[in-house]
Amino acid sequence: MSCEEPTTSPTPENNITVVSSDGKEFLLDLKLTEQSETLARLISNFEYDRTDVKKDPVPLGNITSAQMQKIIEWLQHHRYYPKWEQNDIHYSTSFTFETWVEEYLNIPNNEMFELLNAANYLNIPRLFSTICRIMASRITGKSAEQIRTVLNIKTDVKNDVYTGIPIQEDSSSSEDGMSEISLSPSPPPI
Amino acid sequence: MSSNLSLITLPDTSLNNVLSHFDYKSTQSLRKVCRDLRNFIDDVIPCSTVIKISLRINSKFIVLKFIECGVLMEIEYRYHEKGCVVVGGGKNEKLMEGQEFARIFWNDFEEMLKYQKSALEEFTIVFMHFDAENKLKKDEEIYQVSTGILELVKANLSARIHPLQTNFIQINALHQNEVMSILPFIDSQKVERVTIMSAKGSTEIEFDIPEILNLEQWKKSTRSGIFKNTDLSSPSDSVDQTIAGKLYLVALDGGSVVSMGSKFLNSSVFQFFEIYYNESMGGGSLTGQLIEKLGEPYKDGIHHSKRTWFFQYDGADNVFQLCNDSSGEKVVSYKRIRPEEVPDDADILG
């Protein structure tokens, strides 16, 4: 096992078959499934890790073949990583990512949202957390207008039915002022 | 792949996780993107990661500063004859016509307090009773702003289900009310340090010291002080400006106790100070060291572990009391007392 490469093809003894929503079958190494809490629990409950147990294909009705392909790519890259631990609060502010991760997640927003849902469904905490962080990193520090552009969201400010003038819902400056205020780059002590 | 997925259609777990990586300012920006996001954020109120907040208040402006993720953010709400000018980051100016600057400040600050669920490292409130830019001329109109703000702050802090938490709180003020509208409503379990300073430029000290010393926030803190504000251009030892204070030390020696005492004895503002310590440093017990330096103490016949020395203040009708209790919680206390409080059979040293 020591010379195992991340791309080693699974053999029938150490794998299970999963079926995507569009009916495509994927042979998945049991070692890879350890990263998915959903799959790991399923394998343990049905004793799929025993060689004498018949391994029925696992239907993943929420995941398309394209998403499954993308997820397998993630699982293989992180095959030898230590088990994911939830980091402390300081970690949450870190927006630095491995180059591989940045390239992996250089995908359109809707694909990213789908991948996030898939990561949530399969319970792959490292992938889930990374996507959340990368999404936050693309939005943080931007004004409402810039966020609308990044997320392709149209404003839903309603016009007054009588005057046609946009309704100001909240007059506080946190509505109008704060977002336009830029952060100073180097903080002096308070 | 085509889908109608967007940020707002994500499951709550996912959206919450994304929001948990946001700083306060970004959350506020996101809140303005669309109605659904605003409703979600208003429901969840994600915890802000602001660690320091500072407020400076006078009759013409309020400056709100906060530090989050190592970045300082500064917003000034200034009076303008046409309304309120909001200045952010020292550059972006915005006139809000017909708006009162204190109200606009409060709208922002109240919102900010809602998100402040974790403990702050520092919370500083400075009431600028004297105009620092105008030879410390008294700002007579500050009450028109500060009275209203204090009522709002007090109502807000006292109504919180989980009291505001901060490790260090500093209040620069002139009146007791300015301290008592804030300090008693801070979570006493988290306060480590309380600093109260007289407003810069003030000559009279108007605090009710015993009332402050009686607060749980003061009692639970380990390093606190009430100080007379000094002119920073003439640096002087902060001990000389100490009105009251407390300190916890691991070890204490007789020399330090005596030298600190002599500073308090030469200070015109000093009233009360106590030092809790675990063990004595130097040769022998602290009590022994003090007897060697100060002579025989007064013992009252009831508290056998309590040794007291009395000294006459120069040019004041007060007596300085130095007391050492070495049983239980070991403490050295200094206190300015009236001559009639000195027991009849005690000697007052020169």
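Each chain carries its own residue numbering, running from 1 in the direction its sequence is written. Chains carry letters from A onward and ligands carry numbers from 1 onward, assigned in written order. A pLDDT threshold of at least 70 governs which residues receive local features in this predicted model, and a stricter bar of 80 or more applies before side-chain atom pairs are shown or counted, although totals over entire chains, interfaces and linings include all residues. In computing side-chain properties, one takes all heavy atoms of the structure into account and sets aside hydrogens as well as water.

As recorded by an unreviewed UniProt entry, chain B carries the name F-box domain-containing protein and is attributed to Caenorhabditis remanei.

As annotated in an unreviewed UniProt entry, chain A carries the name Skp1-related protein and comes from Caenorhabditis remanei. UniProt positions are given in the numbering used here, feature names are shortened, and annotations may be inferred rather than shown by experiment. UniProt, in the comment section headed Sequence similarities (unreviewed entry), describes chain A in these words: "Belongs to the SKP1 family."

## Describing the sheet that holds strand β2 (residues 25-29) of chain A
In a beta sheet, neighbouring strands pair by backbone hydrogen bonds and run either parallel or antiparallel. Residue and element names in this part refer to chain A. Here, strands pair whenever DSSP counts at least two bridges between them. Under the scheme used here, helices are H or I runs from DSSP no shorter than 4 residues and strands are E runs no shorter than 2 residues, and both carry numbers assigned from the N terminus. What the three strands build is an open sheet, ordered β2-β1-β3; its pairing is mixed. Each edge of the open sheet is held by one strand with a lone partner, namely β2 and β3 (58-60). Adjacent strand axes in the sheet meet at a mean angle of 35°, parallel and antiparallel pairs treated alike. As defined by bridge partners, strand β1 (residues 15-20) adjoins β3 across three bridges and the pair is classed as parallel. For V19, the partnering residue across the bridge sits in β3 and is P59. The axes are straight lines fitted to the C-alpha atoms, using for helices just the contacting stretch, and the angles between their N-to-C directions are given from 0 to 180°.

## Focus on the packing of aromatic side chains
Classification of ring pairs rests on two measures: the distance between centres of Phe, Tyr or Trp rings, Trp counted by its six-membered ring, which must be within 6.5 Å, and the angle between planes, read as stacked under 30 degrees, edge-to-face over 60 and tilted in between. Considering all chains together, one arrives at 17 aromatic pairs over all chains under this definition. Through a chain of ring-to-ring contacts, three or more aromatic side chains come together here, namely F264(B), F270(B), F273(B), F311(B), Y313(B), F320(B) and Y334(B). Remark: a charge is flagged as sitting over a ring if the NZ atom of Lys or the CZ atom of Arg is within 6 Å of the ring centre and within 35 degrees of the ring normal. Just above the ring of Y104(A) sits the side chain of K70(A); from NZ or CZ to the centre is 4.2 Å. The ring centre of F168(B) lies 4.1 Å from the NZ or CZ of R193(B), which sits over that ring.

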